[in-house]
Each structure stands twice: as C-alpha cells, then as structure tokens.
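# Analysis of the macromolecular model
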Amino acid sequence: MLWKYSVLFSPIQKLYENNTNRYNGEPDITEVNYSSLKILQRERIDSEIVHLHPRKEEKKMEKMYAEERIFETPKTVRRLCMKTKELEFGGRIGTFFMIFLMPATVFYLLLMCKQKDPSVLNFPPPLPAFDSLWETRVFGVFLLWFFLQALFYLLPIGKVVEGIPLLNGTRLAYRINGFYAFMLTTVALGICLYFEMELYYLYNHFLLFAISATVFSVILSSYLYVRSLKSSEEELSLGGNSGNIIYDFFMGRELNPRIGSFDLKYFCELRPGLIGWVVINLAMLLTEMKVHHQSMPSLSMILVNSFQLLYVVDALWNE
C-alpha cells in the first residue's frame, strides 16, 4: 500500500501539452493517469472509513439481519391436538357440580332478593309456583336481545385482525367492533327511553330472564358439544379434549366454533353478557327511582353503575 500513498501525495504534474520545461531543455515529464489516481483515492477513503467506524458498521449489519429475521415468514407446521391430561376446576367431579351449582346459586340469590327482608340467613326462600317460572314472551325478548347483538357483530365496521396461529399454522380473522356495538346499543336504548318504554319490565321479570338465559345456554352448549364430535383433531381445544363428556362439555371441546365467519365463542364472551350487564344496571337504577319516588338515584346505585360501566367499556375498547 506504500506505493499507492506515494503516488497520491506526490506533486501533481501538468499535462504534456501544457508543460513548458521541454522548451527549456529539461527532461520530459511522464503523463499521469488520473483515472487510476481517482480509484486509489477512493480505496484509501473507504479503508479509512472502515477502520475509523468498525463498530458502527457492525451494528448496522446486525440491525439489518435482525430485521430480516423478524419479517421472516414462519413455516407452517401441522400438529395434532394432544389429549388433555391435567384437569382443572376439580377435574370431572368438580366440573359436574359446577354445572349445576352455578345456576342454582344465581337462582337462590335472586329468590332471596325478592323477600321483604333480604338476607342469606333467611333460608329457605319462598319458592314461586312452577308455572310462573316460564313465560314465552320473556324468552322472546331474550332472543331478540341476543340476535340484535349478533346483527351488530356482523356489521362491516371496525378493523379486522388475525388471531394467534392454530395447530395447522393458519390464523382466523376477527372483526373488532365490540365498542361500536356498545354505542349502537346505547343509541337504541336512548330511542326506547325517548318513546317511554320503561325498563321496569326487566326488573319485574328478572328471575324469568335468568331462567331463559340458562335454558338458552344449555341448548347452545349442547349444540356446540355435539358439533365438536365431527370436528377434526386440529380444531379441538387443548384444555377440553380429555375424553370425559362432563369435563369436555364444561370446558368446551372445540377451540373456535364458527358458523361461517361468525365466531360463537368470541361473540358470547363479550357482547350479550357484558353489554347486557350495563342495561340491567340501568334498569335497576331507574326502578329504584320509580319505586322509592326519588328524583335522583342513591349514591350507592350511582357508584355501582359507574364502576361497572367503566369495566365494560374498558373490556370492549381493548377487545
């Protein structure tokens, strides 16, 4: 490399045609190849940059390779769903009792609240007549609410995102519009109140609504379990594939039960229940004002509605 620098830093000679030394008897000067000088100078500058900033260049290369690794498309790996070995919620016996005890607890608390002096210690609560536990109109109102939320779910509003990779490597698409459904429900509820449709009906038939929801849930759960028997191994849930009917029925055997693009589990997780929770709270607030002839709801009722509304809105906003 020394000969390169000697040429680069030597005095630059003039062109042969413009050199006057030849007329003074001095020896001729050899022509200089300027293209080679430029190449040598460029090599010298590049070598200096490499030696002056070696770590900076290495960091740039590492960052580039890291980005390539991030955007590398994962290979599709097909796996089969393994049998569930570790059982939760007390296993087969625990899930058997929970299937019956959870609805029974709800009905027990509702019956206790219908007493003049509600208390858990006032056992047993007075049982209503058997024929008063079912009303077709109440069940129809419940179905109307459920299918109204299903209609809001199918509206082409909100962004569409992909879920986590499944066992077969595919990703399912989900439309995130729960908060929009909540806003549409609020508008519909405001219209009902504007036309003086009282929510006292919900309070007065609350036990019947609970029974209607339980019956509908049992029918839907039974359909989903029977449907899962025809599903492939790739579509089964890792936590609900034990082989025991009771346990798998409680946990859910199929991972993502869908009718077309309508995801039943994803829909039922947030829409009818959480949004309905807000409607029930509002109905209780208005009923309290009507029964006790108050112009304003009580502080406890305001706090319950506010905090539970915040919880529901947060869940729908971060859907």
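Residues numbered from 1 in each chain as written. Predicted model: local features only at pLDDT ≥ 70, side-chain atom pairs only at ≥ 80, totals over all residues. Heavy atoms only, no water.

Counting residues in hydrophobic clusters, the biggest one holds 31 residues, and the most contacted among them are Phe216, Phe262, Phe267, Ile275 and Leu316. If you list the elements that add at least two residues to this core, you get helix H5 (136–154), strand S2 (173–176), helix H6 (178–194), helix H8 (206–228), helix H10 (264–291) and helix H11 (299–317). Here this core gets nine residues from one element, more than from any other, and that element is H10. Apart from residues lying up to four places away in sequence, Ile275 is in contact with Trp145, Gln149, Gly178, Ala181, Phe182, Thr185, Leu270 and Leu316. (Core = buried A, V, L, I, M, F, W, Y, C linked by side-chain atoms within 4.5 Å. Buried < 20%, exposed > 50% of the residue type's maximum accessible area, 1.4 Å probe, protein only. Helix = DSSP H or I, 4+ residues; strand = E, 2+ residues; numbered from the N terminus. Contact = heavy atoms within 4.5 Å.)

Our focus in this paragraph is the packing of H5 against H8. Direction vectors running N to C along H5 and H8 enclose 60°, while the axes themselves pass 9 Å from each other. If you check the angle between H5 and H8, you find them oblique. Every pair of crossing elements has a handedness; the one defined by H5 and H8 is right-handed. Only Leu208, Phe209, Ser212, Ala213 and Phe216 of H8 make contact with H5, whose side of the interface consists of Val138, Phe139, Val141, Phe142, Leu143 and Phe146. When grouped by side-chain class, the residues that make up the contact of H5 with H8 number ten nonpolar, one polar and no charged. (Axes fitted to C-alpha atoms, helices over the stretch in contact; angles between N-to-C directions. Parallel < 35°, antiparallel > 145°, perpendicular 65-115°, else oblique. Left-handed = near helix turned anticlockwise from the far one by under 90°. Nonpolar A, V, L, I, M, F, W, Y, C, P; charged D, E, K, R; others polar.)

Next up on the list: the packing of aromatic side chains. On inspection of all chains with the given rule, the structure shows 21 aromatic pairs. An aromatic cluster of three or more residues is present, and its members are Phe142, Phe146, Phe147, Tyr153, Tyr174, Phe216, Phe262, Tyr266 and Phe267. In this structure, Arg258 packs its charged tip against the face of Tyr174, placed 4.9 Å from the ring centre. The ring of Tyr200 has Lys290 lying over it, and the distance from NZ or CZ to the ring centre is 4.6 Å. (Phe/Tyr/Trp six-rings, centres within 6.5 Å; stacked < 30°, edge-to-face > 60°. Lys NZ or Arg CZ within 6 Å of the ring centre and 35° of its normal.)

None of this, on its own, says anything about what the molecule does.
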